[in-house]
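# Coordinate analysis (summary)
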Amino acid sequence: MKKIFTTLFAGLLISAQVMAITVMDVCGRYDGTLLLDSEEYPESQVYLLPGVTDNTLTFVLPDFKFNGVSLGSIVLPNIAISEDGQFSIEETTLYLAGILKLRATINILSSYEEEGVTYKSLATDNKAGIVLEIAEPKTLPEPIIVCFAGNAVRSNNYVLPNGGFEGAWTNHEPAGWHSFGTATGPLAGFVKGNTAQFSQSADVRPGSKGRNSAVLSSKTIFGVNANGNCTNGQIYAGSMTAGEAASNYNFSDPDSAFNTPFQGRPDSIVFWAKYIPGNRNAADDANQARLSAVITTNARYQDPELNNDSIKHADFRMGAATLNYSATADLGWQRLAVPFVYNPENLDKEPAYILATFTTNKLPGGGTGTKDKPDSVFIDDVELVYNNSISLLARGEDALEFNGEAYQINETYCDSCGEFSSIGTGVSTQAFYAFDAIHKCVFVYVIADDYAQSGKYNLYRVDFTDTNAEGTSTDPKEPEHQGIENVYSGNARFEKVLINGQLFIRSADAWYNAAGVRVK
């Protein structure tokens, strides 16, 4: 019946027989088609995250809708995966925090057949399929069957290429970066010999795991100080007047090979620099190197921008991070973090490219370098940062006294669960909420744009107290429990619990003291 499902599940059956599957093999974002009540939704996505216990997965189907009504996000935090990629879960009661606030029973079916097509709950490292049976007798006359099949998103379009400037340099340029050697424009032939202005160095930043950095150097040409300049785009050389933006600039063009396709909305760009100006005693205003990073839509863009009646490059700019920086007192390495400022008029558009530029001076033709003592900038480990945490947690209209780590509600679980929401610390932060009746808590999963590439996310936990008829706590953490720190970060699975001022570590059902000795 459904060609896309037939193709995807055939691939799953073949791949699952080839190799043993682990949790980390299949984590990531999957884009595919959702089949709901015989209707296809071809632009659907799910997330598979590491689970809250060892050897389990967390399944997230964001903003699940049925008959046009949002039922909230479906989050299953305890899916087991076998070595052949089969998904399984014991029948679980899940609270969907959507407008209907359903408390549904959800089960994973191993397979489901409709009109000759069999759908499977299994995964490989590149494909995943799942069959869910959702029952809510008070609202739904019969269970809903939901089938999903999708391909893993394995994109690198959330990072800058070769941020450490490692590997072999071809034609005096490292992979992903360019300078005068590949310039274009009327004066390209004149500047292509300036290959010494961009070179590889063995001087790396403190703590680097790499072996190389890049060094930019100014050059005096006919008495003019030509800046050292590198970009992941291409240099256009069209005028002997350094500051003429219409003729001298770096650019990114969808029709050129000199571009970096990009899908993310990062919060900042971080890099290491060692700046050595030619005249170390000159005023700081004369001795400032520059970074510029611009996220653009699918259009040609140049830096510096040219805005006239026929071209308005600002219309294509989604976000920009710029920094003019001085040398350190000892002319050593420094770590610099620069936030992206987003254009609110373009936030509804899709990012398509990123153009980054490093130069030895903030002004074209500026600087204090001479023939014998050029301005020099060493650059290493350029990285884009995506914030994936939350700064505010709320239940209904009430903001919780959230300390950035966790919260406890002194109520019996789900007597008054409420609808949770949060404010993320990042431009692209998303949060999903899993109501867990077994652990009497709500898990808050927080991801950012780069999750599909990095696999990084944060998990927070909101605990409810649970009391018996006499009002005595049945939760062993009560009444001593005083707070829980961040439960999950990266690939670590643990929980920090403070009891009467003493720190304990809990992993699954095992308890350890702060020294790592098991105590329970």
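## Digging into the overall build of the protein chain
A count of helices and strands for the protein chain gives 4 helices and 40 strands. Every one of the 520 residues in the protein chain was classed for burial, and the buried ones make up 51%.

## Things to note about the sheet that holds strand E23 (residues 317-325)
Strand order in the open sheet formed by 5 strands is E17-E26-E21-E23-E25, with antiparallel pairing between adjacent strands. Looking at which strands have only one partner, the edges of the open sheet turn out to be strand E17 (229-231) and strand E25 (341-342). Inspection of the sheet shows strand E21 (residues 289-296) paired to E23 by 8 bridges, in the antiparallel sense. Across the sheet, Ala289 pairs through a bridge with Tyr325, a residue of E23.

## Re the environment of Thr22
Along the chain, Thr22 falls in the loop between helix H1 (3-16) and helix H2 (23-26). Residue Thr22 is classed as partly exposed on the basis of its relative accessible area, which comes to 42%. Each C-alpha atom of the pair Thr22 and Ser82 lies 7.8 Å from the other, and the pair is 60 residues apart in sequence.

## As for the confidence of the model for the protein chain
Per-residue pLDDT for the protein chain has a mean of 81; in total, 80% of the residues score no lower than 70. Within the protein chain, the element-level pLDDT minimum falls on strand E35 (residues 481-484), averaging 36, and the maximum on strand E26 (residues 353-359), averaging 98. Between residues 467-493, whose pLDDT stays under 50, and residues either more than four places distant or in other chains, the model counts 63 contacts.

## Side note on the side chain of Asn194
Relative to the elements of secondary structure, Asn194 occurs in the loop between helix H3 (188-191) and strand E13 (198-201). On the accessibility criterion, Asn194 (7% relative accessible area) is buried. Those residues in contact with Asn194, other than ones at most four positions away along the chain, are Phe180, Lys219 and Ile221.

## Quick look at the sheet that holds strand E22 (residues 301-303)
A sheet is described by the order of its strands in space; here 3 strands give the open sequence E18-E19-E22, paired in antiparallel fashion. In this open sheet, the two edge strands, each paired with only one partner strand, are strand E18 (234-237) and E22. Neighbour to neighbour, the strand axes of the sheet diverge by 35° on average, direction disregarded. Where E18 lies against strand E19 (residues 248-252), 4 bridges are found, and the strand directions are antiparallel. When the sheet's bridge partners are listed, Ile235 is paired in E19 with Asn250.

## A few points about the pairing of strand E12 (residues 144-152)
Across the 9 residues of E12, 8 count as buried, placing the element largely inside the fold. Where strand E1 (residues 28-36) meets E12, 7 bridges bridge the pair, whose relative direction is antiparallel. Each residue of the ladder has a partner; that of Leu35, found in E12, is Cys147. Summarising the sheet, strand E11 (residues 127-135) and E12 pair through 8 bridges and their orientation is antiparallel. Counterpart to Ile130 in the pairing with E12 is Phe148.

## Some remarks on the pattern of salt bridges
According to the stated counting rule, one finds 7 salt bridges in the structure shown. One salt bridge connects Arg300 with Asp253, and the closest N-O pair in it is separated by 3.5 Å. Of this pair, Arg300 sits in the loop between E21 and E22 while Asp253 is found in the loop between E19 and strand E20 (268-276), placing the two residues 47 residues apart along the sequence. Judged by its relative accessible area of 30%, Arg300 is partly exposed. Classification of Asp253 as buried rests on a relative accessible area of 15%. For Lys362, the salt bridge identified is with Asp285, shortest N-O distance 2.6 Å. Taken together, the residues Lys362 in the loop between E26 and strand E27 (376-385) and Asp285 in the loop between E20 and E21 connect sequence positions 77 residues apart. Judged by relative accessible area, Asp285 falls into the exposed class, the value being 55%.

Calculation criteria
- Sequence order sets the numbering: in each chain, residues are counted from 1 along the sequence as written.
- Note on the predicted model: pLDDT of at least 70 is required for a residue's local features to be given, and 80 or more for side-chain atom pairs to be given and counted; whole-chain, interface and lining totals, by contrast, use all residues.
- Working from all heavy atoms in the structure, the side-chain values ignore hydrogens and water.
- Comment: elements are numbered from the N terminus, with helices defined as DSSP H or I runs of at least four residues and strands as E runs of at least two.
- Partly exposed residues are those whose accessible area sits between 20% and 50% of the maximum for their type, while under 20% is buried and over 50% is exposed, using a 1.4 Å probe and protein chains only.
- Here, any two strands with at least 2 DSSP bridges between them count as paired.
- Values of pLDDT, which run from 0 to 100, indicate the predictor's confidence residue by residue.
- In this description, contact between two residues means that some pair of their heavy atoms is separated by no more than 4.5 Å.
- For helices, the fitted line uses only the C-alpha atoms of the stretch in contact; every axis is such a line through C-alpha atoms, and the angle between N-to-C directions lies from 0 to 180 degrees.
- What counts as a salt bridge is simple: a side-chain nitrogen of Lys or Arg found within 4 Å of a carboxyl oxygen of Asp or Glu.

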